[in-house]
Amino acid sequence: MFSKLLGFGVFWGVWVLAPVLVDGFSAIVTMIAVLWQRYKTRSITTHLDFCPFVSVIIPVYNSENELMACLRSLEAQDYPKDRIEVILINNGSTDRSFRIFAHAQSKLPLLLSWHSIINQGKAWALNTGIHLCRGNLIFNIDSDVVLHPQAIRNVVATMEAEPDLGAVTGAIQVLPSPKGASRWGLFLGNCEFFEYITAFHVGRIHQTLLQSIYTLSGAFSVFRRHVLMETYLYSQDTITEDTDLTFDIYERVKSTRIGCVPEAIAYVHSIKSLSSLYSQRVRWQRGQIEVASRHPNLLKQSFFQLRGFSPKRILMVDHTLSFPRFVWTFLLPVLALFGYPSSLLFWSIVALYAFYALIDLMWVVVAWVGIDQRARKRLMRILWIIPLLPAYRMLVFWFRFSGFLTVLAEPGQWRVEDPIIQMQNGMDDIRQW
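First things first, this report covers the structure right here in the doc. Because the structure is predicted, anything quoted here is derived from the model rather than measured. (Residues numbered from 1 in each chain as written. Predicted model: local features only at pLDDT ≥ 70, side-chain atom pairs only at ≥ 80, totals over all residues. Heavy atoms only, no water.)

### As for the overall build of the protein
Stage number 1. A tally of helices and strands in the protein yields 15 helices and eight strands.
Stage number 2. When burial is assessed residue by residue, the protein has 50% of its 433 residues classed as buried.
Stage number 3. Long-range pairs, those at least 24 residues apart, make up 85% of the contacts in the protein with a sequence separation of at least 6.
Stage number 4. A total accessible area of about 21,700 Å² is found for the protein, and carbon and sulfur atoms account for 63% of it. (Helix = DSSP H or I, 4+ residues; strand = E, 2+ residues; numbered from the N terminus. Buried < 20%, exposed > 50% of the residue type's maximum accessible area, 1.4 Å probe, protein only. Contact = heavy atoms within 4.5 Å. Areas by Shrake-Rupley, 256 points an atom, 1.4 Å probe, with all protein chains shown as cover.)

Given below as structure tokens:
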């Protein structure tokens with residue numbers, strides 16, 4: 001009897017107690033901190049006695065289908081148009097991007113300029129724009145991004161109110177999938193919407209409180225000019241140049257803070273396919289590890305400091321504590337061989353899945369408090385997808401784990417083959433051999 005109770009306790013302790021302690025505790029702490037912060041700062045003031053001149057830099061590479069929407073969102077900004085300059089850096093486009101720019105220049109009341117460089121990559125294009133621009137506040141956005149009409153004003157108001165805030169990321173939200181998208185595309189797009197809502201409207205706020213933002217999003221970030229000038233700017237030696245610049249600011253500009261302005265919203269297009277999601281997450285994960293290795297001094301920061309940037313702590317939580325998921329995936333058949341009844345294995349999986357679904361529901365509830373009305377309406381329409389989010393997050397975990405493996409074997413690059421193509425190529429090689 002005692003041995004059965006001991007076996008039962010060990011089993012459920014490993015399968016249920018461990019994720020509850022790791023994922024559940026950290027999630028609850030994050031949510032409480034974010035709710036408390038929102039209670040203390042219930043609203044952001046957008047009143048400006050003076051509107052500083054700002055520069056918006058847009059790297060362009062074959063962006064004819066998205067560029068006009070991006071420029072129109074800048075024209076719609078609730079900010080004086082004569083206080084905004086928009087610099088487009090053409091990075092070797094071969095499509096009609098310049099014609100789109102020329103049409104926008106003739107139609108939109110914006111200070112637009114176009115500059116072409118030899119195709120050297122996004123980092124080179126951004127650095128070129130930084131040296132050409134005139135504003136003391138520099139906005140870097142992707143050419144397929146659409147800004148909320150109050151995005152620029154909200155960022156400027158926040159940075160004017162907090163002079164020690166040297167760089168910020170906005171909140172990224174995912175646009176609905178286009179008409180004609182497959183059911184699989186709709187599912188991925190809705191899951192991605194939930195993922196970004198909780199990541200930026202909960203996770204990034206908590207990171208701001210702890211002064212531990214890991215990445216200033218390349219899709220929409222803002223910098224004070226003097227902060228950028230104290231860094232090496234964007235690096236071409238890594239595929240995640242936005243993360244590398246974030247690390248560089250922590251390392252070289254210790255007098256400044258980095259944060260997130262959740263009221264400044266940028267909309268991005270949803271992932272179109274599973275292979276695109278795989279390629280994206282492999283790049284992100286690989287870049288995370290690459291960048292950490294490029295800044296060994298930051299890795300010396302204390303693991304136990306509760307406030308301040310500690311890549312060691314973040315990587316520990318992100319990688320080492322996620323290792324149990326890897327073990328749990330392959331432990332099931334082993335447990336069956338050791339005589340554990342199939343019913344026990346089944347209900348343990350159900351209990352774990354229900355636990356993670358509950359965690360996702362809690363994330364969504366906390367995010368609801370801080371998101372705009374448009375996002376709330378969409379959230380209400382797709383609440384049915386919350387029970388499926390744990391499966392999506394598990395899928396993303398395995399994609400990220402693949403990124404961890406590829407960083408050990410492959411050079412950093414933007415092009416990543418999806419696993420299906422890799423398997424097909426491998427089979428072709430075997431046949432030829």
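### Focus on the packing of aromatic side chains
Stage number 1. Inspection of every chain in the model, using the stated rule, returns 14 aromatic pairs.
Stage number 2. Seen from their ring centres, Phe355 and Tyr356 are 5.2 Å apart, and the 70° between their planes marks the pair as edge-to-face. Taken individually, Phe355 and Tyr356 each receive the classification buried, so the pair is uniform in this respect.
Stage number 3. With a centroid separation of 5.3 Å and 70° between ring planes, the pair formed by Phe397 and Trp398 is classed as edge-to-face.
Stage number 4. Looking at Arg204, its charged tip hangs above the ring of Phe200, at a distance of 4.5 Å from the centre. (Phe/Tyr/Trp six-rings, centres within 6.5 Å; stacked < 30°, edge-to-face > 60°. Lys NZ or Arg CZ within 6 Å of the ring centre and 35° of its normal.)

### Some remarks on helix α6 (residues 183-210)
Stage number 1. Taking 1.5 Å per residue as the helical rise, α6 with its 28 residues ought to reach 40 Å, and the 39 Å between its terminal C-alpha atoms agrees with that figure.
Stage number 2. Approximately 35° is the largest bend angle found in α6, and it occurs at Ala199.
Stage number 3. For α6, a buried count of 21 out of 28 residues is recorded, marking the element as mostly surrounded by other parts of the structure.
Stage number 4. Just beyond α6, the residue with positive phi is Gln211, at close to 55°. (Expected span 1.5 Å × (residues − 1). Bend = angle between axes of the 7 residues up to and from the residue.)

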